[in-house]
Amino acid sequence: NAGVTQTPKFRILKIGQSMTLQCTQDMNHNYMYWYRQDPGMGLKLIYYSVGAGITDKGEVPNGYNVSRSTTEDFPLRLELAAPSQTSVYFCASSLTGNSGANVLTFGAGSRLTVL
Amino acid sequence: AQSVTQLGSHVSVSEGALVLLRCNYSSSVPPYLFWYVQYPNQGLQLLLKYTSAATLVKGINGFEAEFKKSETSFHLTKPSAHMRDAAEYFCAVSVSNRLAFGKGNQVVVIP
């Protein structure tokens, strides 16, 4: 029972490089999310998806892209890495977006440093 | 817009003392509220949630929270802190198919 799996756990990028953070879930959840966590700032939503083929922007989407070709996978792409994207990234999923039942299962996080 | 506010980023509590973490919400409709906990180097996990069934909600590890509409609050408490409670705690509100999180409280337990 893997839950939500994120790779890589750690990565150092140079300014201007590109990379993809991988996220996969094995719970057949319809909803998937990408958050970033910065010290003292809580979690900010980057992008989310309500099902395969459907994605939408969150609070802080600039500099990121996502796709959802399958129910299981929701990769996050950084096209031109900037120091401001240094953060810890969390992928999460939930069975439904229904407000009262919207319990998220989180991955362990990916720590990204851009130098 | 629906949101939550957590004050005081760091909270120190002595082992065995009361843990009290404050969360106030802003919502024009009855909110769905959550508390999540994050242990070091891990993702977040659900502590408890309020979905209007009962105003006093009990969660895991001895935590509970009380929904008070008149005060627009959903404070988290635990009667007696344990060393294993050292973690970061987040209050969240459900907004249009996603959660909006507060800034979190880092709890330090002093032996």
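Scroll up a little and you will see the structure.
Summarised in this report is the structure supplied together with it. This structure is a prediction, so every number in the text was calculated from the model and none was measured.

Residue and element names in this part refer to chain B. Considering the arrangement of structural elements, one finds Asn 105 in strand 12 (residues 105-110). Looking at Asn 105, the relative accessible area reads 1%, which means it is buried. Here the side chain of Asn 105 touches Leu 7 through a polar contact of 3.1 Å, landing on its backbone oxygen. Aside from chain neighbours lying at most four places away, what touches Asn 105 is Gln 6, Leu 7, Gly 8, Ser 9, Val 11, Leu 21, Arg 22, Trp 35, Ala 87, Glu 88 and Tyr 89.

This part covers the state of the cysteines. Residue and element names in this part refer to chain A. If you walk through the whole model with that rule in mind, you get two disulfides over all chains. Between the sulfur of Cys 23 and that of Cys 91 lies a disulfide, 1.9 Å long from S to S. Between Cys 23 and Cys 91 the disulfide shows an S-S torsion of about -70°. By sign, it is left-handed. Of this pair, Cys 23 sits in strand 3 (residues 19-25) while Cys 91 is found in strand 9 (residues 87-94), placing the two residues 68 residues apart along the sequence. Considered together, Cys 23 and Cys 91 belong to a single accessibility category, that of buried residues.

Residue and element names in this part refer to chain A. Applying the stated criterion across every chain yields a total of four salt bridges over all chains. Measuring nitrogen to oxygen at the nearest pair gives 3.0 Å for the salt bridge that ties Arg 36 to Asp 38. Both residues of the pair, Arg 36 and Asp 38, count as buried. Between Glu 79 and Arg 77 there is a salt bridge, with the nearest N and O atoms lying 3.1 Å from each other. Accessibility expressed as a relative area gives 36% for Glu 79, which makes it partly exposed.

Criteria and thresholds
- Residues numbered from 1 in each chain as written.
- Chains lettered and ligands numbered in written order.
- Predicted model: local features only at pLDDT ≥ 70, side-chain atom pairs only at ≥ 80, totals over all residues.
- Heavy atoms only, no water.
- Helix = DSSP H or I, 4+ residues; strand = E, 2+ residues; numbered from the N terminus.
- Buried < 20%, exposed > 50% of the residue type's maximum accessible area, 1.4 Å probe, protein only.
- Polar contact = N/O pair within 3.5 Å; in protein donor to acceptor, adjacent residues only side chain to side chain.
- Contact = heavy atoms within 4.5 Å.
- Disulfide = S-S within 2.5 Å.
- Salt bridge = Lys/Arg side-chain N within 4 Å of Asp/Glu carboxyl O.

Purely spatial values, then, with no claim about function.
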